[in-house]
Amino acid sequence: MRNHEPRASSSCAACKFLKRRCTPNCIFAPYFRSDEPKKFAKVHKVFGASNVSKILIEVPEEQREDTVNSLAYEAEARLRDPVYGCIGAIALLQRKMVELQVDLAIARARLARYAANSPPILNDHGSMIPNFAEFPACGGLVDSFIQNQSDTMNDFSQFPYIF
């Protein structure tokens, strides 16, 4: 948690933004430092100073910093994507996870098919040694992932919306 001791004469970012005098018991001061003016500006634009103040008063003091960080994240996401906000980011990550799970299942199936058709390679201790250079199914998969990563990073139009 941030320091609740009296500050020097500098106002917090919230009081500077709102153009008011910062009092020693300012609810915003521990969480919106004067060197982070954009953080409060974004939170204020989305939620409003009055609502943020009410939220901080209702939340137990030990949870306030996490609350402010959550509000700042949600405000940033809402400003980037006014329609979906952070839900849009969550849906994007879920779709990417589904895509990667499908890719992993395909790679495992190809690996299992290849392993079933070739004798295992053993090391000095009798354990199997995976030699991925010998697996045609995996060798090209890694290279194609690196090459196509930037091309398909944000193209999830072929996946259904998850919710």
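Residues numbered from 1 in each chain as written. Predicted model: local features only at pLDDT ≥ 70, side-chain atom pairs only at ≥ 80, totals over all residues. Heavy atoms only, no water.

The name that an unreviewed UniProt entry assigns to the protein is LOB domain-containing protein 21, with the source organism given as Salix viminalis. Per UniProt, the comment on the protein under Sequence similarities (unreviewed entry) is "Belongs to the LOB domain-containing protein family." (UniProt positions renumbered as here; feature names shortened; annotations may be inferred.)

**Quick look at the overall build of the protein**
Counting its regular elements, the protein contains six helices and zero strands. Going from the N terminus to the C terminus, the protein shows its helices and strands as α-α-α-α-α-α. The 163 residues of the protein split such that 25% are buried. The contacts in the protein between residues at least 6 apart in sequence include a share of 54% that link residues at least 24 apart. Approximately 11,500 Å² of the protein is accessible, and the part contributed by carbon and sulfur atoms is 57%. (Helix = DSSP H or I, 4+ residues; strand = E, 2+ residues; numbered from the N terminus. Buried < 20%, exposed > 50% of the residue type's maximum accessible area, 1.4 Å probe, protein only. Contact = heavy atoms within 4.5 Å. Areas by Shrake-Rupley, 256 points an atom, 1.4 Å probe, with all protein chains shown as cover.)

**Re unusual backbone geometry**
In the Ramachandran plot, Lys-19 falls in the positive-phi region, its phi being about 55° despite a non-glycine side chain. With respect to the element layout, Lys-19 can be found in the loop between helix 1 (13-18) and helix 2 (37-47). The exposed category is assigned to Lys-19, whose relative accessible area is 76%.

**A few points about the pattern of salt bridges**
Close approach of charged atoms allows side chains with opposite charge to pair. Within the structure shown, the criterion is met by six salt bridges. Of the charged contacts in the structure, one is a salt bridge between Arg-33 and Glu-36, with a shortest N-O distance of 3.6 Å. The exposure class assigned to Arg-33 is partly exposed, which follows from its relative accessible area of 35%. Residue classification places Glu-36 among the partly exposed positions, given a relative accessible area of 22%. Residues Lys-42 and Glu-76 are paired through a salt bridge, measuring 2.6 Å at the closest nitrogen-oxygen approach. Note that Lys-42 is positioned in helix 2 and Glu-76 in helix 4 (residues 64-80), a separation of 34 residues in sequence. Here the salt bridges do not stand alone but share partners, grouping Arg-33, Asp-35, Glu-36 and Lys-39 into one network. (Salt bridge = Lys/Arg side-chain N within 4 Å of Asp/Glu carboxyl O.)

**Description of the environment of Ile-87**
Tracing the backbone through its elements, the reader meets Ile-87 in helix 5 (residues 86-117). Put simply, Ile-87 and Glu-74 are 13 residues apart on the chain and 9.2 Å apart in space, counted from C-alpha to C-alpha.

**Let's talk about the nonpolar core**
Ranked by internal contacts, the top residues of the largest apolar core, which has 19 residues, are Cys-12, Cys-26, Phe-28, Phe-32, Phe-40, Val-43 and Val-52. Looking at this core, the elements with two or more residues in it are helix 1, helix 2, helix 3 (49-58) and helix 4. Excluding residues within four positions of it along the chain, Val-52 makes contact with Phe-28, Phe-32, Val-43, Phe-47 and Leu-71. (Core = buried A, V, L, I, M, F, W, Y, C linked by side-chain atoms within 4.5 Å.)

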